[in-house]
Amino acid sequence: MNVFLYIITYGNMLKGKREDIAVIGMSCKFPGADNYEAFWNNLIQNKDSVSLIPTKRWDYKEYEDNAGAKWGAFISNEDKFDSEFFNISNIEAQAMDPQQRIMLELAWNCFEDAGIKPSSMSDTKTGVYIATFNNNFEELINKGEEDIQAHYSTGTSSSIIPNRLSYWFNFRGPSVQVDTACSGSITALDIACQAIRSKKCNMALVGGISLILTPSRHISFSKMRMLSNKGLCNTFDDSADGYVRGEGAGLLLLKPLKNALADHDNIHAIIRGCAINHGGKVRSLTYPNPNAQAEVIVNAFRQAEVSPEDINYIEAHGTGTPKGDPIEMQGLMQAFTTLYGNRSVKSETCCLGSCKPNIGHLESAAGVAGIIKTVLSMENRRIPPLHGYKKLNSRMNLDNTPFYIAAEPSEFKHSNENSPLIVGVSSFGFGGTNGHIVLQEAPKNETEENSDKKLFLICLSAKDKNVLHEKARNLLEWLSRNSDSNLSDVEATLINGREHFDNRVAIICSNVNDLSEKLNRFLKSPISQSDIFVGLDCDTSKNTDDTSHAQIGEKLGSLDYKTILKNIAESYAKGFDNKLSMVCDDEYKHLALPGYPFKRTAFRIPYENNKSIKRLNPLLHKNISTFSNQHYISQFVGTEDFFGSYELNGKKTAPFFVYLEMAKKALELSCGDLSIPLNLIKFNSVNYDYLDFSSNQRIVLDTILKKNDKTFSISIYDRNKKRDVF
């Protein structure tokens, strides 16, 4: 058994009127980073993820009059999704906004980061609050010439982004889409915290997502002179000329602190206070109000019951606009003046920073990106440098203020090492909605090992054997960074905090080095061997053998512990889970172990540079016939329903009957759209080759029909490979 000592040296957070809320899970996908570990590495290494607009999104050269419209910060594989994992048909997945697909995967990873088995959340009062701003997928569908599909109604709706999570995981709490533009995810978090405190939900998934799929807002914001012509978001710097748009998504799992402590959850941070307001009527709709910004910061810190001397860091909104940055600094100074009151101000106690120079302005996901950054800073007790900062904006002056800016990676300036770190995160919407959140570092915990266990059972599983190997590699890499981990916690988290699928490996080990050596052995030879028990495509439908716990205990009671573990491991490899509960300690710390590595495939996004053509029918899309021959053109991506899941040598391809149907349809259209049964068509000779969809590129086919004396010749030509395939 593990005994947990939570060392709380800053008063009792569980008493009084304020109810603190714990962040127990995090997941994200940001420019240059598919998870928060990679995000942190990029931040601390001062990496800039801004680039020119990818050519597949749009051709920025067409908009040379708007220089700011050619820069952005983009995520990778925005079109990919593991539809099979979530049991969603290819037809529906193709019609879904990629924001819905990304959020499904992030929600799963967020629960796993918290050490919680996703299925255990079914039928619970879990709320979902997701901020959105860009609805570019719907814009592309409306602009396109494709046939409207049944699933577009749900696939293009922003409200379905949170609703789909609630539906898929079977949550019974509120499910709300929020749009206050750039302050959306902070606003969503404020609503979620209120819902938890008022018992409308027991836990909540909160976050934001924003994808940039069209140039519309790039052009509009450039014309409003919001965007940087240089492609640099130089927050608080004298060279600032605007911001760079970015895309990404982040999720947090929230739970009342008292419950998180009782359940031994892995607490990333504590939410002490949160506030939102609006700037009212100022010079224009998008003009910031420093008084309102100051007020929302004061309200958040007063709710958190925090003195200004104890504030170590502020993650600023920091868009890097000549107008916005000085106004934000004015609001910060005004807020701290109010918080200090008559007391003298201490200089350089609070660092200012922003992640926008690294990843751009993520708009509806900007707030959650700032939160994840500050949480990681507190966990690592380091402040990343403000990228691109050289000289303070000449319209600002930090003399006689608590503020300073870190141009290099630095430590927190902490006056009292016995008190926790306190940080704030600002997020201001361009329509006037302001938000600020106060976070505190997680309570320090120490785990006393009070167990005589010498052996541990490590269980991994996946829906696909290749994914199982990747899970093993990811755990091996995690162990290399966390060699002092308590294997009892690793064992229990993997058994109780993960779903168990039909491709499995169970490893008996004595310590971290032993586990690492056996993971390496499994990766080199993924078969059962000494202390390694492998089950591939095992039948998990029964999930439990017929032996009761009492019978198991009686049967195993006389055996030594390693023999018991072997018995349980063999049973697990056969697809049975009911013996696993005999292995784990009753109390353990939930660990943030690596999440499920999804097996993603590409689903076409109809970008402006990749527009489809108006279809005659599903197989032949456009008639480009001439006097010399009948000629039809078609474009396919491999996810079309009639291709099914047909593969050859592990590569997605088209079955032979599709060619026959294309030839038949071409003949019918050429004969006045008659219906001709396939058995009435006589083929004298047929030669064919296979299509290759493995590159995830659109394949363009030409179907050409020529009339000879008493016969027709039909050929289907693959433009990509420059060859006939039929």
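Just above sits the structure.
Cut-off values and rules
Each chain has its residues counted from 1, following the order in which its sequence is written. Local features are withheld for residues below a pLDDT of 70 in this predicted model, meaning they are given only at 70 or higher, and side-chain atom pairs are given and counted only at 80 or more; totals for whole chains, interfaces and linings count all residues. No hydrogens and no water enter the side-chain calculation; it runs on all heavy atoms of the structure. Note on ring pairs: Phe, Tyr and Trp rings are taken, using the six-membered ring of Trp, and paired if centres are within 6.5 Å. Classes follow the plane angle, with under 30 degrees stacked, over 60 edge-to-face and the rest tilted. By the criteria applied, helices consist of DSSP H or I runs no shorter than four residues and strands consist of E runs no shorter than two, each listed in order from the N terminus. Burial classes: relative accessible area under 20% of the type maximum marks a residue as buried, over 50% as exposed, and values in between as partly exposed (1.4 Å probe, protein chains only). Comment: the charge-over-ring label is applied if NZ (Lys) or CZ (Arg) is within 6 Å of the ring centre and within 35 degrees of the ring normal. We count a salt bridge whenever a side-chain nitrogen from Lys or Arg sits within 4 Å of a carboxyl oxygen from Asp or Glu. Throughout, a residue-residue contact means that at least one pair of heavy atoms, one from each residue, lies within 4.5 Å. The pairing criterion is simple: DSSP has to find at least two bridges between the two strands.

Colleague: Before we go on, may I ask you to explain the packing of aromatic side chains in this structure?
Modeller: Scanning the model with the defined rule gives 21 aromatic pairs in all. Both rings, one in W108 and one in F169, keep their centres 6.4 Å apart while their planes meet at 35°; by these two values the pair is tilted. Taken together, the residues W108 in helix 3 (residues 98-113) and F169 in helix 6 (residues 160-169) connect sequence positions 61 residues apart. The exposure classification of W108 matches that of F169, with both residues buried. Seen from their ring centres, F133 and F430 are 5.7 Å apart, and the 85° between their planes marks the pair as edge-to-face. Placement of the pair is F133 in the loop between strand 6 (126-131) and helix 4 (136-143) and F430 in the loop between strand 14 (422-428) and strand 15 (433-441), with a sequence separation of 297 residues. Taken together, the ring pairs connect F81, F85, F86, W108, F111, W168, F169, F171, F501, Y596 and F598 into an aromatic cluster. Over the face of the ring belonging to F85 we find K463, whose NZ or CZ atom lies 4.5 Å from the ring centre. In this arrangement the basic side chain of R504 is found over the ring face of Y572, its NZ or CZ atom lying 4.3 Å from the centre.

Colleague: Could you clarify how one ought to interpret the pattern of salt bridges in this entry?
Modeller: Opposite charge on two side chains permits them to pair, given that their charged atoms come into close proximity. Counting across every chain of the model gives 29 salt bridges. Its salt-bridge partner being D577, residue R504 comes within 2.7 Å of it at the nearest N-O pair. Taken together, the positions of R504 in strand 18 (residues 503-509) and D577 in the loop between helix 18 (561-573) and strand 20 (601-602) put the pair 73 residues apart, joining distant regions of the chain. For R504, a relative accessible area of 0% puts it in the buried group. Relative accessible area serves as the criterion here: at 15%, D577 is assigned to the buried category. Residue K518 pairs with D514 through a salt bridge whose shortest N-O separation is 3.1 Å. Taken together, the residues span about one helical turn, with K518 and D514 both in helix 16 (residues 512-524) at a distance of four residues. A residue is classified by how much of its surface remains accessible, and D514, at 17% relative accessible area, is buried. Beyond isolated ion pairs, a larger network of salt bridges with shared partners links K56, R57, E78 and E247.

Colleague: Even after reading the chapter, I still don't get unusual backbone geometry, so can you show me in this structure?
Modeller: A negative phi holds for most residues other than glycine; trans holds for most peptide bonds. Positive phi outside glycine occurs at A181, with the angle close to 60°. Here A181 is to be found in the loop between strand 7 (175-178) and helix 7 (184-197). Since its relative accessible area comes to 4%, A181 is described here as buried. A positive phi angle is found at R225, which is not glycine, with a value near 60°. In this structure, R225 sits in the loop between helix 8 (216-223) and strand 9 (248-256). A relative accessible area of 75% means that R225 is categorised as exposed.

Colleague: Looking at this model, I keep getting lost on the environment of W108. Mind explaining?
Modeller: The exposure class of W108 is buried, given its relative accessible area of 4%. Note: C-alpha distance between W108 and S119 (eleven residues apart in sequence) is 9.9 Å. For W108, the contacting residues outside a window of four places in its chain are F85, F86, P118, W168, F169, E499, F501, Y596 and F598.

Colleague: What should I look at first to understand the sheet that holds strand 26 (residues 712-718) in this one?
Modeller: Either a parallel or an antiparallel arrangement is found when strands of a sheet pair, and the pairing is made through backbone hydrogen bonds. As summarised here, the arrangement of the five strands in space is 21-22-25-26-27, forming an open sheet in which the pairing is antiparallel. The open sheet has two edge strands, strand 21 (622-623) and strand 27 (723-724), and neither has a second partner. Taken together, the two bridges between strand 21 and strand 22 (residues 630-636) define a ladder with antiparallel strand orientation. Bridging from a neighbouring strand, K622 pairs with I633 of strand 22.

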